[in-house]
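Summary of structural features
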Amino acid sequence: MISRWVFTNLSIFADKLKQLYQVFVIYMPQLSSSDGKWFVVQTKSRCEKKVYQQLIDAGYQAYLPLQTTWRVWSDRNKKVELPLIPSVLFVENPDVNKERIYALSGVYNILNIHGKIGVVRQVEIDHLRLLCNNDIAWEQVDLVRYQKGDAVEIKAGAFKGHIATAIEDMNTYRVLLKIESLGTGFVVNLPKNQVSRI
């Protein structure tokens, strides 16, 4: 009687463990400790998945970060996977033959910075994988740096629509709101997502 109970509970436990392992393997990204380098392939609009599949079929190690979102149409709601960064995917090893990549249908360009292939570090790819594979709240922000004296527009909050002058870039943007008719101004710290360059 006891052995049957132990056997039954052990088999249930083993099944649960298998399910947990499958969930772990499917949803947890494989974080690499290698020093792999990647480069950016820019695609034509809405060709990311097609180019990704062509790269995989051609034997390249490619990564296309996707986000799952809901799209609403007049007659239905549908869960769809869209590229996290539109028109961008990543290919490992910047030393591969790029002529074959340019020949693929839907490829627009390979990102160059100052005449050299732009390199993306493995840790940055790992960050993208974590972001895409976990249900965490996130908001994409541009890493725009403002120079002292740049004119900026405040996009949200109490000062929405006002034009200000950037003073310095810290964890938040410090901007100067001028009231020229009075010959005075006010310095305000605003979150980075509330400021845009004019």
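What you see is a predicted model; the values in this text were computed from it and never measured.

1. Considerations on the overall build of the protein
- Along its length, the protein carries four helices and 14 strands.
- Relative to its 198 residues, the protein shows a buried fraction of 26%.
- Restricting to contacts in the protein with at least 6 residues of sequence separation, those with at least 24 account for 57%.
- Total accessible area on the protein is roughly 14,300 Å²; 55% of this is exposed by carbon and sulfur atoms.

2. Observations concerning the pattern of salt bridges
- Evaluation of the coordinates by the stated rule reveals three salt bridges.
- Where glutamate 124 meets arginine 121, a salt bridge forms, and the shortest distance between an N and an O atom there is 3.2 Å.
- The partly exposed category is assigned to glutamate 124, whose relative accessible area is 31%.
- Here arginine 197 makes a salt bridge to aspartate 150, at a shortest N to O gap of 3.5 Å. Taken together, the residues span a long stretch of sequence, with arginine 197 in strand β14 (residues 195-197) and aspartate 150 in the loop between α4 (122-133) and β10 (151-154) at a distance of 47 residues.

3. Observations concerning the packing of aromatic side chains
- This structure, assessed with the given rule, holds zero aromatic pairs.
- When the ring centre of phenylalanine 39 is taken as origin, the NZ or CZ atom of lysine 98, which lies over that ring, is 5.3 Å away.
- Above the face of the tyrosine 63 ring, arginine 129 is positioned so that its terminal group lies 4.7 Å from the ring centre.

4. Some words on the confidence of the model for the protein
- On average, the protein scores 77 in pLDDT, and the residues at 70 or more come to 72%.
- At the low end of the mean pLDDT range in the protein sits helix α1 (residues 2-27), at 43; at the high end sits helix α2 (residues 48-57), at 97.
- A low-confidence stretch, residues 1-11 stays under pLDDT 50, and its non-local contacts, those more than four residues away or across chains, total zero contacts.
- Note that pLDDT drops below 50 for residues 16-34; the model gives that stretch 13 contacts with residues more than four away or on any other chain.

5. Digging into α2
- Taken together, the buried positions of α2 are Glu48, Val51 and Leu55. One face of α2 carries all of its buried residues, which in axial projection span an arc of 70°.
- Tucked inside the fold, the buried residues of α2 contact β1 (37-43), β2 (62-63), β4 (77-83), β5 (88-92), α3 (98-102) and β6 (107-110).
- Remark: glycine 59 follows α2 within two positions and exhibits a positive phi of approximately 95°.

6. Here we look at the pairing of strand β3 (residues 66-72)
- With seven bridges connecting them, β3 and β4 associate as antiparallel partners. Across the sheet, residue tryptophan 70 finds its bridge partner in β4, namely lysine 79.
- Linking β3 to β4, which pair antiparallel, is a turn of four residues.

7. Considerations on the nonpolar core
- Counting residues in hydrophobic clusters, the biggest one holds 15 residues, and the most contacted among them are Phe39, Val41, Leu55, Leu89, Val91 and Ile101.
- Counting residues per element, the ones that place at least two in this core are β1, α2, β5 and β6.
- When near neighbours in sequence (up to four residues on either side) are disregarded, valine 41 contacts Ser87, Val88, Leu89, Val91, Ile101, Val107, Asn109 and Ile110.
- Counting 11 residues, the second-largest nonpolar core is a separate cluster that includes Tyr146, Ile154, Val175 and Leu177.

8. Focus on α4
- For α4, with 12 residues, the first-to-last C-alpha span of 16 Å sits near the 16 Å given by 1.5 Å per residue.
- Looking only at α4, the buried set comprises Gln122, Ile125, Asp126, Leu128 and Arg129. The arc enclosing the buried residues of α4, seen along the axis, measures out at 160°, which places them on a common side.
- Each element contacted by the buried residues of α4 is listed here: β1, β2, β5 and β9 (119-121).

9. What to know about the environment of leucine 128
- Mapped onto the elements, leucine 128 comes out in helix α4.
- Along the chain, leucine 128 and leucine 64 lie 64 residues apart, while their C-alpha atoms are 9.5 Å from each other.

10. Remarks on unusual backbone geometry
- One non-glycine residue, asparagine 93, lies in positive phi territory at about 70°.
- The topology assignment puts asparagine 93 in the loop between β5 and α3.
- Located in the positive-phi region is histidine 114, a residue other than glycine, with phi close to 55°.

Conventions used here
Residues numbered from 1 in each chain as written. Predicted model: local features only at pLDDT ≥ 70, side-chain atom pairs only at ≥ 80, totals over all residues. Heavy atoms only, no water. Helix = DSSP H or I, 4+ residues; strand = E, 2+ residues; numbered from the N terminus. Buried < 20%, exposed > 50% of the residue type's maximum accessible area, 1.4 Å probe, protein only. Contact = heavy atoms within 4.5 Å. Areas by Shrake-Rupley, 256 points an atom, 1.4 Å probe, with all protein chains shown as cover. Salt bridge = Lys/Arg side-chain N within 4 Å of Asp/Glu carboxyl O. Phe/Tyr/Trp six-rings, centres within 6.5 Å; stacked < 30°, edge-to-face > 60°. Lys NZ or Arg CZ within 6 Å of the ring centre and 35° of its normal. pLDDT = per-residue confidence, 0-100. Arc of directions from axis to C-beta. Pairing = 2+ DSSP bridges. Core = buried A, V, L, I, M, F, W, Y, C linked by side-chain atoms within 4.5 Å. Expected span 1.5 Å × (residues − 1).

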